[in-house]
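Coordinates in review
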Amino acid sequence: MTTTVTDIHDTDTPFALSHLDSLESEAVHIFREVAGEFERPVILFSGGKDSIVMLHLALKAFAPAAVPFSLLHVDTGHNFPEVIEYRDRTVEKYGLRLRVASVQDYIDRGVLRERPDGTRNPLQTVPLTEAIQQHRFDAVFGGGRRDEEKARAKERVFSLRDEFSQWDPRRQRPELWQLYNGRHAPGEHVRVFPLSNWTELDVWQYIEREGIELPQIYFAHEREVFSRNGMWLTAGEWGGPKDSEPVEKRLIRYRTVGDMSCTGAVDSEATTLQAVIAEIAASRLTERGATRADDKLSEAAMEDRKREGYF
């Protein structure tokens, strides 16, 4: 019997990838492209949901072999304990190598000084750039997504950084047909963003589909918080709250995690993945716009930090 084109299209076999499959395939391709093109890549891993998904994709990209990259965490010293515990447990589970660049070390040595507002997120740039130079990393994977913030929307998947780790939007390279240009001069490196085309909703739907474990602070729980500049912050050694900022127990969750001093919680009753997904689908604020004080320092706060070498 001769098979015709009509016969082929009449079968139930799907020919198109689903939306999540397409995003996963793109990210896996990016990881493998970097492995083949660079000598010393590293994955930025904080224990936040985007870096967790990024590591999951890297594990898939190279299975059954081990991930051929080490991990790097720029530790502010003001991280949520639940996230640090998850980070360490994940590293041990998969037998990964973790390097930690500590902001506290730089403060103790007098290289950096505490800010009056107590936040250490802007202080991460120097430890990050020096760790890249010290270990001669030539490709640095980050979990940034274009939907997070307008400065990140300007990024290519391969983002060239100069010998001082600085970013110049005018040096962005075209990336037609998923062709990525990793050429760089000695001392330069490339920041690589496999999740560039993902949205926050995509990330959560992928987490649900893949059954990925997350730190519990991403789900609704009772916590003592106080209000500052319209955000619910957790009390800690970083300096909050002030006498005029009463602490109260609320049912909250975190959409994003970072330095405790600038990462706000949102009121939520979402205790399951399905509830979180429904909540995000109805939201009209990006996660950083709603919960990150460090992005509200100025209109161009993120872009200014990126130019200096930030994530």
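Further up the page is the structure itself.
Quantities reported herein were computed from a predicted structural model and do not represent experimental measurements.

**Quick word on the overall build of the chain**
- When helices and strands are tallied, the chain shows 10 helices and 10 strands.
- Here the chain, with 311 residues, has 53% of them falling under the buried criterion.
- Taking all contacts inside the chain whose residues are at least 6 apart in sequence as the whole, residues at least 24 apart take part in 73%.
- Carbon together with sulfur atoms contributes 50% to the accessible area of the chain, which is approximately 15200 Å² in total.

**Concerning the packing of helix H2 (residues 19-37) against helix H3 (residues 49-62)**
- Contact geometry of H2 with H3 gives a least axis separation of 9 Å together with a crossing angle of 70°. When the axes of H2 and H3 are compared, the pair comes out roughly perpendicular. You can see that H2 and H3 cross each other, and the crossing is right-handed. Along its contact with H2, which presents Glu24, Ala27, Val28, Phe31, Arg32 and Ala35, the element H3 presents Met54, Leu57, Ala58, Lys60, Ala61 and Phe62.
- In terms of residue class, the contact of H2 with H3 is built from nine nonpolar, no polar and three charged.

**Regarding the pairing of strand E7 (residues 221-228)**
- When E7 meets strand E9 (residues 248-253), the two strands line up antiparallel, connected through five bridges. Its bridge partner lying in E9, valine 225 is registered against glutamate 248.
- With four bridges joining them, E7 and strand E8 (residues 231-234) adopt antiparallel strand pairing. Each bridged residue has a counterpart across the sheet, and for phenylalanine 226 the counterpart in E8 is leucine 233.
- Adjacent in sequence and paired antiparallel, E7 and E8 are bridged by two residues, among which asparagine 229 carries a positive phi angle near 55°.

**Things to note about the sheet that holds strand E10 (residues 266-267)**
- The strand order across the open sheet formed by four strands is E8-E7-E9-E10, and the pairing between neighbours is antiparallel. Here the strands that pair on one side only, and so sit at the sheet edges, are E8 and E10.

**Overview of the pattern of salt bridges**
- Counting across every chain of the model gives 19 salt bridges.
- Residues aspartate 88 and arginine 87 are paired through a salt bridge, measuring 2.8 Å at the closest nitrogen-oxygen approach.
- Arginine 145 is the partner of aspartate 147 in a salt bridge, and the nearest nitrogen-oxygen pair spans 3.0 Å.
- Residue classification places arginine 145 among the buried residues on the basis of a relative accessible area of 1%.
- It is possible to trace a salt-bridge network through shared partners that takes in Asp21, Glu24, Lys60, Arg209 and Glu210.

**Topic: the sheet that holds strand E4 (residues 139-141)**
- In space, the six strands of this open sheet follow the order E3-E2-E1-E4-E6-E5, with mixed pairing throughout. At either margin of the open sheet sits one strand with a lone partner, and together these are strand E3 (98-102) and strand E5 (158-161). Across the sheet, the mean angle separating the axes of adjacent strands is 30° when strand polarity is ignored.
- Bridging between strand E2 (residues 70-75) and E3 involves five bridges; their strand directions are parallel.

**A closer look at the side chain of aspartate 75**
- Structurally, the position occupied by aspartate 75 is in strand E2.
- This buried residue, aspartate 75, is left without a salt bridge; arginine 87 holds the nearest opposite charge, at 4.3 Å.
- In this structure the side chain of aspartate 75 is engaged in a polar contact, spanning 2.8 Å, whose partner is the backbone nitrogen of glycine 77.
- Among residues more than four places away in sequence, those in contact with aspartate 75 are Arg87, Val100, Ala101, Ser102, Val103 and Gln104.

**Details of the packing of aromatic side chains**
- In total, this model carries 10 aromatic pairs according to the counting rule given.
- Ring geometry for phenylalanine 80 versus tyrosine 254: centroids 4.7 Å apart, planes at 55°, classification tilted. With phenylalanine 80 in the loop between E2 and helix H4 (81-94) and tyrosine 254 in the loop between E9 and E10, this pair connects stretches of sequence that are 174 residues apart. One exposure class covers both phenylalanine 80 and tyrosine 254, and it is buried.

**Some points on helix H6 (residues 125-135)**
- For H6, the complete set of buried residues consists of Thr125, Pro127, Leu128, Thr129, Ala131, Ile132 and His135.
- With its phi angle positive at about 55°, arginine 136 sits one or two positions after the end of H6.

**Focus on the environment of valine 266**
- Along the chain, valine 266 turns up in strand E10.
- You can call valine 266 buried: its relative accessible area is 17%.

**Brief notes about the environment of leucine 285**
- By the element assignment, leucine 285 lies in the loop between helix H8 (273-282) and helix H9 (287-291).
- Once the C-alpha coordinates of leucine 285 and glutamate 148 are considered, the two residues, 137 residues apart in sequence, prove to be 9.7 Å apart.

**What to know about the nonpolar core**
- Formed by 60 residues in total, the largest nonpolar core has its most connected members in Phe31, Ile43, Val53, Phe141, Phe158 and Trp204.
- Broken down by element, this core gets its largest block of residues, eight residues, from H3.
- Each of two domains, domain 1 (10-201 + 303-307) and domain 2 (215-296), supplies a minimum of three residues to this core.
- Listed in part, the 15 residues of the second largest apolar core include Val74, Ile107, Leu123 and Ala131.

Definitions and cut-offs
- Residues numbered from 1 in each chain as written.
- Predicted model: local features only at pLDDT ≥ 70, side-chain atom pairs only at ≥ 80, totals over all residues.
- Heavy atoms only, no water.
- Helix = DSSP H or I, 4+ residues; strand = E, 2+ residues; numbered from the N terminus.
- Buried < 20%, exposed > 50% of the residue type's maximum accessible area, 1.4 Å probe, protein only.
- Contact = heavy atoms within 4.5 Å.
- Areas by Shrake-Rupley, 256 points an atom, 1.4 Å probe, with all protein chains shown as cover.
- Axes fitted to C-alpha atoms, helices over the stretch in contact; angles between N-to-C directions.
- Parallel < 35°, antiparallel > 145°, perpendicular 65-115°, else oblique.
- Left-handed = near helix turned anticlockwise from the far one by under 90°.
- Nonpolar A, V, L, I, M, F, W, Y, C, P; charged D, E, K, R; others polar.
- Pairing = 2+ DSSP bridges.
- Salt bridge = Lys/Arg side-chain N within 4 Å of Asp/Glu carboxyl O.
- Lys, Arg positive; Asp, Glu negative; His and termini not counted.
- Polar contact = N/O pair within 3.5 Å; in protein donor to acceptor, adjacent residues only side chain to side chain.
- Phe/Tyr/Trp six-rings, centres within 6.5 Å; stacked < 30°, edge-to-face > 60°.
- Core = buried A, V, L, I, M, F, W, Y, C linked by side-chain atoms within 4.5 Å.
- Domains from an automatic or database assignment.

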